[in-house]
Amino acid sequence: MDRQSIITYKESFDTIATYITGDDGNEQVEVWFARDLQSVLGYTRWENFQTAIGRAVDSCKSLNVSVDDHFREVTKMISLAKGAQREIQDYMLTRYACYLIAQNGDPKKPEIAFAQSYFAVQTRKLEIIEERLNDLARLETRDRLRSSEKQLSRNIFERGVDDRGYARIRSKGDTALFGGHTTEDMKQRLGIKSTRPLADFLPTLTIAAKNLATEMTNYNVEQKDLRGEPSITREHVQNNVSVRDMLTQRGIRPENLPAAEDIKKLERRVASADKKLEKVTPKLPKNEP
């Protein structure tokens, strides 16, 4: 997601937020109304958004969190033609409630993907939201690489290659991608323990490059029904060479990119922040505001 899109989405979510007074008479509780949130999240029909709210409420219950602290059904009056008015259903939602709604939405929609990060952090600072989006992008890219490598392992096992052969194929692919530097060479360059996966310390761009080459190998192994270690090795090496050529044409040499944060630490930090969110989110007042 580019920076301008992040700024635009942030402004949309900031604009529809409001504050009410908490039970102590001093604390200001930031809330969003579902009818406003529906539009910003890209839902055209209220009935569909009600379904998303229902899933979020179920998630809240499954986590043993009080629904009343974060979701409150309210009514609104809307203006009709000739000065008439009609009462409609709405919900008052805390930041945590909005987070659960976003988590139960389709992350392929950019509005939902942004909302998942926007509501997860207890700040409106653009830099913090952007950092969270970048962290999630790296985690998602790493997961895709794990998935494509598992598929490659299955594909080549079915075609007569054992675990040692799989390791050799991956290693030769790395050597091609990193301009002649082996997997162990790259671990030494980046200060990574030999027992840890190289990809856990690569920046998002390099992980995506490895994934693209692996996906290409999977596709051609299946489509061409390649069999045996030599033919699959040639395919995987060529795909990594092709991806490297694309990067170097843009002035990017994967072997020269610095190491990124250990993906395990990143996973723990994101999980910890999500777990603490409900505890630090101000609750709805017990009495109607």
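All of the points below concern the structure found in this document. Just so it is clear, the model here is predicted, and its values are computed rather than measured. (Residues numbered from 1 in each chain as written. Predicted model: local features only at pLDDT ≥ 70, side-chain atom pairs only at ≥ 80, totals over all residues. Heavy atoms only, no water.)

**Focus: the pattern of salt bridges**
Here the structure, examined in full by the defined rule, presents 22 salt bridges. The salt bridge partner of D14 is K10, with a shortest N-O separation of 2.6 Å. With a gap of four residues between them, D14 and K10 both fall in helix α1 (residues 3-15), about one helical turn apart. Its relative accessible area of 16% is what places D14 among the buried residues. A salt bridge links R159 to D225, with the shortest nitrogen-to-oxygen separation between them at 3.3 Å. Remark: D225 occurs in the loop between α9 (204-224) and α10 (229-249) and R159 occurs in the loop between α6 (126-157) and α7 (163-177); sequence separation between them is 66 residues. What makes R159 buried here is its relative accessible area of 13%. In this structure, a network of salt bridges that share partners links the residues R142, R196, D200 and D262. (Salt bridge = Lys/Arg side-chain N within 4 Å of Asp/Glu carboxyl O. Helix = DSSP H or I, 4+ residues; strand = E, 2+ residues; numbered from the N terminus. Buried < 20%, exposed > 50% of the residue type's maximum accessible area, 1.4 Å probe, protein only.)

**A word on unusual backbone geometry**
Phi at N64 takes a positive value of approximately 60°, unusual for a residue other than glycine. Here N64 lies in the loop between α3 (46-62) and β3 (71-79). Under the relative-accessibility criterion, N64 is labelled exposed at 74%. Even without glycine at this site, D225 takes up a positive phi of about 50°. D225 sits in the partly exposed class, given a relative accessible area of 36%.

**A few points about the state of the cysteines**
Summed over all chains, the structure comprises zero disulfides. Not part of a disulfide, C60 finds its nearest cysteine sulfur in C98, a span of 12 Å. (Disulfide = S-S within 2.5 Å.)

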